[in-house]
Amino acid sequence: MKNNKHVWEGWTIQDFIDELEPSFNQIMSKNSWIKPFKNTEELKKWLMDSQPFYKKHIPEVFNYFKNKL
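These numbers come from a predicted model, not from an experiment.

Draft legend 1. Local environment of the packing of aromatic side chains. Scanning all chains against the criterion turns up 7 aromatic pairs. Residues Phe16 and Tyr54 carry aromatic rings whose centres are separated by 6.4 Å and whose planes lie at 55 degrees to one another, so their mutual orientation is tilted. Taken as a pair, Phe16 in helix α1 (residues 13-28) and Tyr54 in the loop between α2 (40-50) and α3 (59-66) lie far apart in primary sequence, 38 residues in all. You'll find Phe16 and Tyr54 in the same group, each marked buried. Ring plane angle 50 degrees and centroid distance 4.9 Å describe the contact between Phe24 and Phe65, whose orientation is recorded as tilted. With a gap of 41 residues between them, Phe24 in helix α1 and Phe65 in helix α3 connect regions that are remote in the sequence. Here Phe24 matches Phe65 in class, with each residue buried. These aromatic residues form a ring-pair network of at least three members: Phe24, Phe37, Trp46, Tyr64 and Phe65.

Structural data, given as structure tokens:
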């Protein structure tokens, strides 16, 4: 996976991953008010809602986190 691919206004795939990963880890370890994701649709919705600035589906970011479920 090319995590240095530009997505939006200077943000790369890796930037989005770095921004979301701490929250993802907190959710999945049950240390958040958000319950762990039960399926990929829940994950996809959370990613789009939680990504800073860019609220569209980014397949590479989704696949990174999907592989961690």
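Draft legend 2. Just the packing of α1 against α3, in detail. Contact geometry of α1 with α3 gives a least axis separation of 10 Å together with a crossing angle of 35 degrees. Considering how the two elements wind past one another, α1 and α3 form a crossing that is right-handed. Counted together, Ile13, Phe16, Ile17, Leu20, Glu21 and Phe24 of α1 and Glu60, Val61, Tyr64 and Phe65 of α3 form the full contact between these two elements. Along the lines of polarity and charge, the residues of the contact of α1 with α3 split into 8 nonpolar, no polar and 2 charged.

So, how was this worked out
- Residues numbered from 1 in each chain as written.
- Predicted model: local features only at pLDDT ≥ 70, side-chain atom pairs only at ≥ 80, totals over all residues.
- Heavy atoms only, no water.
- Phe/Tyr/Trp six-rings, centres within 6.5 Å; stacked < 30°, edge-to-face > 60°.
- Helix = DSSP H or I, 4+ residues; strand = E, 2+ residues; numbered from the N terminus.
- Buried < 20%, exposed > 50% of the residue type's maximum accessible area, 1.4 Å probe, protein only.
- Axes fitted to C-alpha atoms, helices over the stretch in contact; angles between N-to-C directions.
- Left-handed = near helix turned anticlockwise from the far one by under 90°.
- Contact = heavy atoms within 4.5 Å.
- Nonpolar A, V, L, I, M, F, W, Y, C, P; charged D, E, K, R; others polar.

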